[in-house]
Amino acid sequence: MKTVLVIGGGGREHAIVDALSRSSQVSKIYCAPGNAGIGGQAENVPLKDTDVQGLKAFAIEHNVDLTVVGPEAALAAGIVDEFRAAGLRIFGHTKAATAIESSKEFAKKLMAKYGIPTASYRSFSDYDEALAYVAARPFPAVLKYDGLAAGKGVVIAQDLEEAKQALAYMLLDKTFGDGRVVVEDFLTGPEFSFLCFVDGDSVYPMPLSQDHKRAFDGDKGPNTGGMGAYTGLPFITPEDREFAYQEIMCKAASAMVSEGLPLSGVLYGGLMKTPQGIKVIEFNARFGDPETEVVLPLLRSDIFDIFDGVASGRPVSDPEWSDEVTLGVVLASKGYPGHYDKGFAIDNLDKVDAKVYHMGTAVREGRLVTNGGRVLMVVCRGKDLSLARSEVYKEIEKIGCDNLFYRKDIAHLAF
Ligand code: AMP
Ligand code: GLY
């Protein structure tokens with residue numbers, strides 16, 4: 001029997017721990033740092049996700065057979081390189097391969113070189129050159145800082161004034177650091193997420209899902225980490241999916257092999273179905289959150305086999321997925337994604353007849369309380385989306401908490 005360490009402490013990691021707890025081969029799960037809900041299915045370890053040395057020492061001391069990395073920050077900190085050098089098995093990409101997410105320019109160059117469809121672009125380090133280019137082209141203009149920018153690195157400028165402001169804080173004030181700016185064409189169409197397990201050029205697709213990035217109903221309000229997700233996308237045909245699999249996900253995996261940076265973890269395609277076909281908006285080097293919470297409950301195969309196979313470069317049998325669909329709604333603290341307070345009691349979770357993944361919770365004086373912007377995600381499955389949706393909203397009603405809000409229109413494109 002195997003011991004597994006999961007790194008991270010949000011809803012995504014709760015869904016990973018939940019999937020691992022269904023494995024017949026896993027007898028012990030640790031999660032660092034975990035959260036109050038994860039603590040019900042794993043043993044939480046009080047180590048930060050970027051404390052690479054601390055995590056390595058823990059894995060050695062506790063005879064961990066396999067470590068699974070959730071957050072990008074841990075990958076970018078080089079945890080995979082460090083674990084492998086110590087002879088430890090770990091699921092996740094090397095620091096160098098994580099560039100497919102952490103550097104917009106790296107990703108754009110890769111797509112251009114290997115013919116992967118995406119918005120055309122140019123990149124700049126000089127403010128005046130960037131401004132001249134933007135001014136000569138149609139608006140809106142898409143400006144992306146090339147580096148980590150705490151979710152604030154993408155600006156869709158509606159006019160020259162907005163573009164000037166954004167370019168000034170990215171290139172003159174260097175608010176995020178000394179990076180370049182990618183300027184790309186504005187695309188339109190519904191967005192969706194394609195997560196695949198990838199080992200070199202072996203690509204094992206997961207069901208497609210769609211996130212809801214805006215805070216309020218009708219896709220209004222500020223951008224968030226994601227307010228809900230579902231599978232069973234009504235606007236994607238089997239041909240679309242095949243195109244996205246072959247021409248985007250498989251091509252990207254082989255491109256990384258050709259570049260000497262083979263992937264070994266999850267590749268997340270943030271894709272858009274434009275009038276000119278499916279194109280890449282961005283790649284991520286990890287599971288999506290909240291997508292993971294609706295995708296992994298559909299996995300019928302043993303997830304340990306997949307993680308362990310990819311981590312050790314062994315072929316994996318094609319994962320099997322349920323034909324049902326899932327729909328999940330995020331309950332967030334009032335005020336999120338802006339300022340919010342923590343510490344509000346959460347009651348009646350034991351009465352909820354659905355999967356409840358904890359995103360930001362803690363236990364204080366024996367009571368479960370809110371402890372983050374996104375707090376809980378309630379996920380139901382069913383034969384179709386209307387069944388799953390009515391089920392989810394019925395179950396959410398049972399949860400008692402004074403400081404939560406949620407969107408009432410998750411999967412609106414399907415209705
Ligand atoms: P990113 O961080 O690259 O995923 O960008 C954040 C969001 O900005 C995306 O989810 C899209 O909604 C939007 N976006 C990014 N690039 C484009 C583009 N080329 N055209 C239209 N919208 C975009
Ligand atoms: N759901 C968006 C992300 O994980 O990046």
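Above: the structure in question.
Conventions and cut-offs
Residues numbered from 1 in each chain as written. Chains lettered and ligands numbered in written order. Predicted model: local features only at pLDDT ≥ 70, side-chain atom pairs only at ≥ 80, totals over all residues. Heavy atoms only, no water. Near = heavy atom within 4 Å. Polar contact = N/O pair within 3.5 Å; in protein donor to acceptor, adjacent residues only side chain to side chain. Areas by Shrake-Rupley, 256 points an atom, 1.4 Å probe, with all protein chains shown as cover. Helix = DSSP H or I, 4+ residues; strand = E, 2+ residues; numbered from the N terminus. Nonpolar A, V, L, I, M, F, W, Y, C, P; charged D, E, K, R; others polar. Salt bridge = Lys/Arg side-chain N within 4 Å of Asp/Glu carboxyl O. Buried < 20%, exposed > 50% of the residue type's maximum accessible area, 1.4 Å probe, protein only. Pairing = 2+ DSSP bridges. Contact = heavy atoms within 4.5 Å. Axes fitted to C-alpha atoms, helices over the stretch in contact; angles between N-to-C directions. Core = buried A, V, L, I, M, F, W, Y, C linked by side-chain atoms within 4.5 Å. Parallel < 35°, antiparallel > 145°, perpendicular 65-115°, else oblique. Left-handed = near helix turned anticlockwise from the far one by under 90°. Arc of directions from axis to C-beta.

Asker: Sorry if this is basic, but what is going on with the site of ligand 1 here?
Answerer: Around ligand 1 there are 13 residues in total, and Glu184, Asp185, Leu187, Glu191 and Glu282 lie nearest to it. Here an oxygen atom of ligand 1 and a side-chain polar atom of lysine 104 are 3.1 Å apart. Between ligand 1 and lysine 144, the relevant distance is 3.0 Å, taken from an oxygen atom to a side-chain nitrogen or oxygen of the residue. Contact with the protein chains covers 83% of the free accessible surface of ligand 1, which is 470 Å². Going through the elements one at a time, β7 (141-145), β8 (154-157) and β17 (277-284) are the ones with two or more residues in the shell around ligand 1. Tallied by class, residues from the shell around ligand 1 come to six nonpolar, no polar and seven charged.

Asker: How do you make sense of the pattern of salt bridges when you look at a structure like this?
Answerer: Charged atoms that come close allow side chains of opposite charge to pair. Enumeration over the complete set of coordinates arrives at 24 salt bridges. Between lysine 108 and glutamate 184 there is a salt bridge, and its shortest N-O distance comes to 2.8 Å. One end of the pair, lysine 108, is in helix α6 (residues 104-114); the other, glutamate 184, is in strand β9 (residues 181-184), and 76 residues separate them in sequence. Each member of the pair, lysine 108 as well as glutamate 184, carries the same accessibility label: buried. Connected through shared salt-bridge partners, Asp18, Arg22 and Lys355 make up one network.

Asker: I would appreciate a short explanation of the sheet that holds strand β4 (residues 66-69) in the present structure.
Answerer: Backbone-to-backbone hydrogen bonds join strands into a sheet, with any given pair of strands oriented parallel or antiparallel. Read from one edge of the open sheet, five strands run β3-β2-β1-β4-β5, paired in parallel fashion. Of all the strands in the sheet, the pair left with one neighbour each is β3 (43-44) and β5 (90-91). Where β4 lies against β5, two bridges are found, and the strand directions are parallel. Residue pairing across strands places valine 68 opposite phenylalanine 91, the latter belonging to β5. Packed onto the sheet, helix α1 (residues 11-20) meets β1 (2-8), β2 (26-33) and β4 and runs at close to 170° relative to β1. The strands touched by helix α11 (residues 303-312) within the sheet are β1, β2, β4 and β5, with β4 carrying the most contacts at an inclination of about 95°.

Asker: I would appreciate a short explanation of the nonpolar core in the present structure.
Answerer: Across soluble globular proteins, nonpolar side chains have a tendency to be buried as a group. Of all hydrophobic cores here, the largest spans 75 residues; its most connected members are Ile79, Phe283 and Leu327. Considering each element in turn, this core owes the most residues, nine residues, to helix α9 (residues 238-258). Apart from residues lying up to four places away in sequence, phenylalanine 283 is in contact with Ile100, Glu101, Met111, Ile248, Met249, Ala252, Leu267, Tyr268 and Gly269. Ranked by size, the runner-up nonpolar core spans 41 residues in total, among them Ala15, Ile29, Ile303 and Ile306.

Asker: Can you walk me through the packing of helix α7 (residues 127-135) against helix α8 (residues 160-172) in this structure?
Answerer: When two helices pack together, their arrangement is captured by the angle between the axes and the distance separating the axes. Across the interface, α7 lies against α8 with an axial gap of 10 Å and an inter-helix angle of 155°. Taken together, the axis directions place α7 and α8 in an arrangement best described as roughly antiparallel. Judged by the sense of rotation from one axis to the other, the crossing of α7 with α8 is right-handed. Within the contact between the two elements, α7 uses Tyr127, Ala130, Leu131, Val134 and Ala135 and α8 uses Leu160, Ala163, Lys164, Leu167, Ala168, Leu171 and Leu172.

Asker: Teacher, can you tell me more about α7 here?
Answerer: Since the α-helix packs 3.6 residues into each turn, any two residues three or four apart lie on the same face. For α7, the set of buried residues is Tyr127, Ala130, Leu131, Tyr133 and Val134. Axial view of α7: buried residues confined to an arc of 160°, hence all on one face. Taken together, the buried residues of α7 touch β6 (121-124), β7, α8 and β9. Its side-chain oxygen placed 3.2 Å from the backbone nitrogen of aspartate 128, aspartate 126 serves as the N-cap of α7.

Asker: Sorry if this is basic, but what is going on with the sheet that holds β9 here?
Answerer: Read across the open sheet, the four strands follow the order β6-β9-β7-β8; overall the sheet is antiparallel. Pairing within the sheet leaves two strands with one partner each, and these edge strands are β6 and β8. For this sheet, the mean inter-axis angle between neighbouring strands, taken without regard to orientation, is 20°. Taken together, the four bridges between β7 and β8 define a ladder with antiparallel strand orientation. Bridge pairing in β8 places leucine 143 opposite valine 155. Helix-sheet contacts for α7 involve β6, β7 and β9, and the interaxial angle to β6 is about 155°. Along the sheet, α8 contacts β6, β7, β8 and β9; its crossing angle with β8, the most-contacted strand, is approximately 155°.

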